[in-house]
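# Geometric and topological summary
Listed below are the residues making up each chain.
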Amino acid sequence: METVVSGIRPTGNLHLGNYFGAIKNFIRMQEEYNCFFFIADYHSLTTHPTPQDLHGNVKQVLVEYLATGIDPEKATLYIQSDLPETAELYLLLNMNAYMGELERVTTFKEKARKQPNNVNAGLLTYPSLMAADIIIHKANKVPVGKDQEQHLEMTRTFARRFNRMYNTEFFPEPSAFNFGDNLIKIPGLDGSGKMGKSEGEGNAVFLAEDPKSIRKKIMRAVTDAGPAEPNAPKAEPIENLFSLLKVVSTQETVDYFEEQYNTCNIRYGDLKKQLAEDVIQFTTPLRERILEVAANEQYLSKVAKMGAEKARESSAKTVKEAREIIGFRSF
Ligand code: TRP
């Protein structure tokens, strides 16, 4: 069975866009692959060296992934910093990672520009840490978005280089995972682009958000002056509201508002009211489950421990063998 690895940065709560993107994919992957999903708390220190609440951020991710359907019995769900082996493989990979290639990575250049007073070595070696995460389980597949493609390319480079330098075929070269047409794009509420893309407060609906707040956000979503003539094409913000409606409402509801739009009788206020109620109906069981899991410290502790144990089995084996390949021997 092929192995999949994916890391999740502990930044922010899950929104509907994450749910229909990454989460749906993870839930499907855990049925078909040997999956390792982990919370990348080491990585978060490259941009947030003194986090307000590191443990709380990690917990939030753990809770939301469990609540939305990641099954810790099927996938190995763990916390990056629970695996000291990752740090060791990262060190070994760094010996063969070159300044020049690391400095050329787009995300490094962007972050160096954004945080000129904290261009730290962790930021520079972000790709070798990510490579360690992936090849420590000898992963074949990594589900990544466009922004992570270059990092995955670096992972292949480091894996290939290790194999060549130590004359071995130890590490497989992982490729990007793609479910193809499976991904539904969830637009944001600010009229353009993806949900969660802009940091703007009102752009995303979070899974754990309370109904009052959801109503307020959706009622504030961007619209236009209405169709100028029957069957007019929809402007992007309107198209976006319809896209959301299609995800959370019944076909009947969608058809009704399409009809209203096409006959120039649409009242965006009504559309948004309906959308808000249907979004709330959709997210309510998820929110309740999130609250329930968050309150169950015992369960969380059991899951984290079990994940760390399963992940360490695989990572300890890899690091032990990598050390032997390089030439470390015990006396
Ligand atoms: N860099 C990834 C991101 O920003 C997170 C990540 C860390 C990751 N290690 C990984 C993703 C290993 C996939 C595999 O989203």
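The model shown is predicted, which means the values in this text are computed figures rather than measured ones. (Residues numbered from 1 in each chain as written. Predicted model: local features only at pLDDT ≥ 70, side-chain atom pairs only at ≥ 80, totals over all residues. Heavy atoms only, no water.)

## A closer look at helix 10 (residues 211-219)
Among the residues making up helix 10, those that are buried are Ile-214, Lys-217 and Ile-218. Across the axial projection of helix 10, the buried residues extend over an arc of 95 degrees, all falling on one side. When the buried face of helix 10 is taken as reference, the exposed residues oriented beyond 90 degrees from it are Lys-212 and Lys-216. As for helix 10, its buried residues are in contact with helix 13 (268-295). (Buried < 20%, exposed > 50% of the residue type's maximum accessible area, 1.4 Å probe, protein only. Helix = DSSP H or I, 4+ residues; strand = E, 2+ residues; numbered from the N terminus. Arc of directions from axis to C-beta. Contact = heavy atoms within 4.5 Å.)

## Concerning the site of the ligand
The full set of residues close to the ligand is Ser-6, Gly-7, Arg-9, Phe-38, His-43, Tyr-126, Met-130, Asp-133, Ile-134, Val-142 and Gln-148. In this structure, Arg-9 approaches the ligand through a side-chain N or O atom, which is 2.7 Å from an oxygen atom. For the ligand, a nitrogen atom lies 2.8 Å from a polar atom in the side chain of Asp-133. Protein contacts shield 92% of the accessible area of the ligand, which totals 360 Å² for the unbound molecule. (Near = heavy atom within 4 Å. Polar contact = N/O pair within 3.5 Å; in protein donor to acceptor, adjacent residues only side chain to side chain. Areas by Shrake-Rupley, 256 points an atom, 1.4 Å probe, with all protein chains shown as cover.)

## Overview of the pairing of strand 1 (residues 3-8)
Along strand 1, 5 of the 6 residues are buried, which leaves the element largely enclosed by surrounding structure. At this point the chain moves from strand 1, through helix 1 (residues 16-32), to the parallel strand 2 (residues 34-39), and the crossover so formed is right-handed. (Right-handed = clockwise from strand over helix to strand, strands pointing away.)

## Regarding empty space enclosed by the protein
If you walk through the whole model with that rule in mind, you get 1 cavity of 30 Å³ or more. If you add up the space inside the largest cavity, you get close to 40 Å³. In terms of lining, the largest cavity is formed by Val-105, Thr-107, Phe-108, Lys-111, Leu-123, Tyr-126, Pro-127 and His-151. Of all the elements in the fold, those that place two or more residues in the lining of the largest cavity are helix 6 (106-114) and helix 8 (126-135). In terms of residue count, the dominant contributor to the lining of the largest cavity is helix 6 (3 residues). (1 Å grid on protein atoms, 1.4 Å probe; cavity = no way out; pocket = protein on both sides within 12 Å on 5 of 7 lines; lining within 4 Å. Points joined across faces, edges and corners; volume = space filled by probe spheres on them.)

## Here we look at the pattern of salt bridges
Per the counting criterion, the structure on display carries 17 salt bridges. Between Glu-149 and Lys-146 there is a salt bridge, and its shortest N-O distance comes to 3.5 Å. For Glu-149, a relative accessible area of 37% puts it in the partly exposed group. Residue Glu-209 pairs with Lys-217 through a salt bridge whose shortest N-O separation is 3.1 Å. This pair shows no difference in class: Glu-209 is buried, exactly as Lys-217 is. A single network of salt bridges, built from pairs that share partners, joins Glu-31, Asp-71 and Lys-74. (Salt bridge = Lys/Arg side-chain N within 4 Å of Asp/Glu carboxyl O.)

## Quick look at the domain arrangement of the chain
Splitting the chain by domain gives domain 1 (3-176 + 297-326) and domain 2 (197-291). Distance from the C-alpha centre of domain 1 to the C-alpha centre of domain 2: 35 Å. In this assembly, 10 residues from domain 1 lie in contact with 12 residues from domain 2. Where domain 1 meets domain 2, there are 0 salt bridges. Counting the contacts that link domain 1 with domain 2 gives 2 residue pairs in polar contact (both at pLDDT 80 or more). For the side of domain 1 that touches domain 2, the elements supplying multiple residues, two or more each, are helix 1 and helix 3 (54-68). Grouping the constituent residues of the side of domain 1 that touches domain 2 by class yields 6 nonpolar, 3 polar and 1 charged. (Domains from an automatic or database assignment. Nonpolar A, V, L, I, M, F, W, Y, C, P; charged D, E, K, R; others polar.)

## Examining the layout of surface pockets
Of the pockets and cavities examined, the second largest pocket occupies roughly 210 Å³. In this structure, the second largest pocket is lined by Asp-41, His-55, Val-58, Lys-59, Leu-62, Ile-79, Ser-81, Asp-82, Glu-297, Leu-300, Ser-301 and Ala-304. Taken together, the elements giving at least two residues each to the lining of the second largest pocket come down to helix 3 and helix 14 (297-326). Here the lining of the second largest pocket is built from residues that sort into 5 nonpolar, 3 polar and 4 charged.

## Things to note about the pairing of strand 3 (residues 76-79)
With burial as the criterion, each face of strand 3 is covered, one bearing Thr-76 and Tyr-78 and the other bearing Leu-77 and Ile-79. With 4 bridges connecting them, strand 2 and strand 3 associate as parallel partners. In the strand pairing of strand 3, Phe-38 is matched with Tyr-78. (Pairing = 2+ DSSP bridges.)

## Notes on the packing of helix 4 (residues 84-94) against helix 14
Running from N to C, helix 4 and helix 14 cross one another at 30 degrees; their axes reach a closest spacing of 9 Å. Put simply, helix 4 runs roughly parallel to helix 14. Here helix 4 runs over helix 14; the crossing is left-handed. For the pair helix 4 and helix 14, contact is made by Pro-84, Glu-85, Glu-88, Leu-89 and Leu-92 and by Arg-312, Ser-315, Ala-316, Val-319, Arg-323 and Ile-326, respectively. Split by residue class, the contact of helix 4 with helix 14 holds 6 nonpolar, 1 polar and 4 charged. (Axes fitted to C-alpha atoms, helices over the stretch in contact; angles between N-to-C directions. Parallel < 35°, antiparallel > 145°, perpendicular 65-115°, else oblique. Left-handed = near helix turned anticlockwise from the far one by under 90°.)

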